[in-house]
Amino acid sequence: MLVLITYDVSVVDPGGQKRLRHVAKACEDFGQRVQNSVFECLVDPAQLVMLKNKLLNIMEPEKDSLRIYYLGKNWKRRVEHYGVKPVYTQEEPLIL
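Before going into details, it helps to say that this report is about the structure given with it.

1. A look at helix α2 (residues 45-58)
Here's step 1: Compared with an ideal rise of 1.5 Å per residue, which puts 14 residues at 20 Å, α2 spans 20 Å between its outermost C-alpha atoms and is within 8% of the ideal.
Here's step 2: Within α2 the residues assigned to the buried category are L48, L51, L55 and I58. Projected down its long axis, α2 shows its buried positions confined to an angular sector of 100 degrees, all on one face. Away from its buried face by more than 90 degrees, α2 exposes P45, A46, M50 and N57.
Here's step 3: Each element contacted by the buried residues of α2 is listed here: β1 (2-8), α1 (16-28), β3 (38-42) and β4 (65-72).

Have a look at this one:
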């Protein structure tokens, strides 16, 4: 299933920059960045539980915000992209 992860981490306090980096790194482990604080993650239910737990352990709910949008298995009909940022389909093989 495809989930869209968005977050807003407060960086006004001393630990904010560190939390921001850790949230981004956790999301990078499961998906691709599509905008600054937005990730598309193609995950199975177990991976989603792991990602969600990891993010909730990093963020501070009194200061930060996390949103998860469940696009499901038929996500290809629900996502349109326009503009210059290159996009790859996570289901296809990635050749380096």
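2. Side note on the sheet that holds strand β2 (residues 31-35)
Here's step 1: The 4 strands are arranged β2-β3-β1-β4 in an open sheet whose pairing can be described as antiparallel. Here the strands that pair on one side only, and so sit at the sheet edges, are β2 and β4. Direction aside, neighbouring strands of the sheet carry axes that sit 25 degrees apart on average.
Here's step 2: Where β1 lies against β4, 7 bridges are found, and the strand directions are antiparallel. What sits directly across from D8, in β4, is S65.
Here's step 3: Across the sheet, α2 touches β1, β3 and β4, and the angle it forms with β4 is around 170 degrees.

How each quantity is defined
Residues numbered from 1 in each chain as written. Predicted model: local features only at pLDDT ≥ 70, side-chain atom pairs only at ≥ 80, totals over all residues. Heavy atoms only, no water. Helix = DSSP H or I, 4+ residues; strand = E, 2+ residues; numbered from the N terminus. Expected span 1.5 Å × (residues − 1). Buried < 20%, exposed > 50% of the residue type's maximum accessible area, 1.4 Å probe, protein only. Arc of directions from axis to C-beta. Contact = heavy atoms within 4.5 Å. Pairing = 2+ DSSP bridges. Axes fitted to C-alpha atoms, helices over the stretch in contact; angles between N-to-C directions.

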